[in-house]
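Chain by chain, the residues:
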Amino acid sequence: MSNKSLIKIMEQLLIVSSLQLIFAISFKSSVIPSFFLIWLLIITWDGNTEMSLVLAFVAGIIHDLISRGTLGTTSVRFLILIYINSFLKIKNLSAKVAATFFFSFLFFISILFEPAKGFLWNIWPLVKYSLIFSLYNSIILYFLELIMRRYRWKQKKDYLVIS
Amino acid sequence: MIWRFRREIICALGIFFSLLIMGKSYLNNIKSIEKSSYVEKKLNYEELIAENIRLRNILDIKEKNRYFSRFVVSNIVSVKPPVFPVEIVINKGLTEGIREGMCVVSKDLFLIGRVSEVNKNTANVVTIFNSTSKISIIVDSTKEVGIMEGGSIPYCILKYISYESKIRIGDRIFTSGYSDFYPKGIEVGEVVKISKAGDSLFLSVYVKPYSCLSYIDEVMVGE
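Residues numbered from 1 in each chain as written. Chains lettered and ligands numbered in written order. Predicted model: local features only at pLDDT ≥ 70, side-chain atom pairs only at ≥ 80, totals over all residues.

K.L.:
Can you help me understand unusual backbone geometry in this one?
P.N.:
Note: most residues except glycine have negative phi, and most peptide bonds are trans. Residues and elements named next belong to chain B. Going from lysine 80 to proline 81, the amide bond is cis rather than trans, its omega being -15°. On the secondary structure map, proline 81 appears in the loop between strand E1 (71-80) and strand E2 (87-90). A positive phi angle, close to 45°, is found at phenylalanine 84, a residue other than glycine. A tally of 16 C-beta atoms within 10 Å means that phenylalanine 84 is categorised as partly exposed. Phi at tyrosine 160 is positive, roughly 65°, even though this residue is not glycine. Take tyrosine 160: it is sitting in strand E8 (residues 155-162). Looking at tyrosine 160, the number of C-beta atoms within 10 Å reads 14, which means it is partly exposed. (Helix = DSSP H or I, 4+ residues; strand = E, 2+ residues; numbered from the N terminus. Buried ≥ 20, exposed ≤ 12 C-beta atoms within 10 Å, placed from the backbone.)

Structure below.
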């Protein structure tokens, strides 16, 4: 990986961390979307599997620091989800939205195994919040993908015009 | 060969380090919880000691009591004015059996006043400093009976003590027991000043009450 793309990824990490922090501070809701998860999924689908795994570890630690949870738990969740996701070769927008929904649901439901809080027996509220969380993430991913596709298409068009 | 499994290796290493960090963080969390529970326990312990002291004081009061057949220990809610109070509000009322006219004494069994008004959970007490207060008293040394009136802060005035009385400064004053409100023998205060007005047949005796001189937090209300 070139230095330029590494810097680009670090910039992205900074932006995503800031977004997550802003949302965590500003919204007092019990469910806030996970920008880290969306970003990691996008990086994996772009083909940077190894980098996304490393970033999953780092992003997980930052996520735990922001949410004041037990450090390392989110890293484990991210790593497992990104590892599973790395086997999927998704290019279609609707498939990406569906995958985001599925992984978001898995991510939120894994709070069941939070070591500091013990096993949560009240599953139904958790499922309800998981669905809301997954919906948020899917919507964000959908719009992000639309913006990115438009941007890429414009770049391609400009390139064709110049050439 | 290793390069082929790079994804698995990165993932395994990531999980390994995550678990390592998780373990440390988990232990730290447990330690901080233990520490906070220790602090809580210590606070509870201090509260228990304070409660114990308070209960011991109440027990002391009960043992010292020789005036009342029935009494209630009560806390003071408000004091008006803060210095030489003329009215006190206590935190016991009709629910606890407080009735109008009941006698109020301090923890050291010095006279404070009597209950003037009773609500469900509180009661108003008129102290001996109040201008409406008139108490039948007896002078310990001469056994003369007089009326002690309020309204002359920081003292109370003892009236109807004869001009020829042998009363002296420092004589102790007790309740006479002739009143409906106050039982006999409750310590009220001591004589601090005696003046003889020109034509009057009586002396003007100033009494310094024992109660209301220091901070009062608990009182005994009895009959």
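Still to come is the rest of the account.
K.L.:
Just checking my understanding: could you explain the environment of B:Val205 for this structure?
P.N.:
All names here are of chain B. As for its position among the elements, valine 205 is in strand E11 (residues 202-209). According to the C-beta neighbour criterion, valine 205 is buried, with 26 such atoms within 10 Å. Among residues more than four places away in sequence, those in contact with valine 205 are Leu158, Ile161, Ile167, Val191 and Ile194. (Contact = placed C-beta atoms within 7 Å.)

K.L.:
Would you mind showing me how to read the interface of chain A and chain B here?
P.N.:
One widely used convention gives an interface's size as the accessible area the parts lose upon coming together. Each partner contributes residues to the interface: chain A has 18 residues there, and chain B has 14 residues. Elements supplying a minimum of two residues to the side of chain A that touches chain B: helix H3 (49-67) and helix H4 (73-85) of chain A. The dominant element in the side of chain A that touches chain B, judged by the number of residues it contributes, is H3(A), at seven residues. Residue classes in the side of chain A that touches chain B are distributed as ten nonpolar, seven polar and one charged. (Nonpolar A, V, L, I, M, F, W, Y, C, P; charged D, E, K, R; others polar.)

K.L.:
Please explain the pairing of strand E12 (residues 218-222) of chain B as it appears in this structure.
P.N.:
The two faces of a sheet get side chains in turn, since along a regular strand they alternate between them. Residue and element names in this part refer to chain B. Across five bridges, the pairing between E1 and E12 is antiparallel. Residue pairing for E12: asparagine 75 is matched across the bridge by glutamate 218. Bridge analysis of strand E3 (residues 103-106) against E12 gives four bridges, and the strand direction is antiparallel. Counted as the bridge partner of serine 106 is valine 219 from E12. (Pairing = 2+ DSSP bridges.)

K.L.:
Any chance you could explain the sheet that holds strand E10 (residues 187-196) of chain B here in plain terms?
P.N.:
Residues and elements named next belong to chain B. The strand order around the closed barrel built from six strands is E6-E7-E8-E11-E10-E9, with neighbouring strands paired in antiparallel fashion. The average angle at which neighbouring strand axes cross in this sheet is 45°, direction not considered. Across three bridges, the pairing between strand E6 (residues 134-139) and strand E9 (residues 172-175) is antiparallel. Along E9, the bridge assignment pairs valine 139 with isoleucine 173. (Axes fitted to C-alpha atoms, helices over the stretch in contact; angles between N-to-C directions.)

K.L.:
Looking at this structure, how should I read H4(A)?
P.N.:
Counting along an α-helix, one turn takes 3.6 residues, and residues three or four places apart therefore face a common direction. Between its terminal C-alpha atoms H4(A) stretches 18 Å, which fits the 18 Å expected from 13 residues at 1.5 Å a residue. Among the 13 residues in H4(A), eleven count as buried, and that is most of the element. Within the span of H4(A), buried status applies to A:Thr73, A:Thr74, A:Ser75, A:Val76, A:Arg77, A:Phe78, A:Leu79, A:Leu81, A:Ile82, A:Tyr83 and A:Asn85. Check the buried side of H4(A) and you find it contacts helix H2 (35-45), H3 and helix H5 (93-109) of chain A together with helix H1 (6-64) of chain B. (Expected span 1.5 Å × (residues − 1).)

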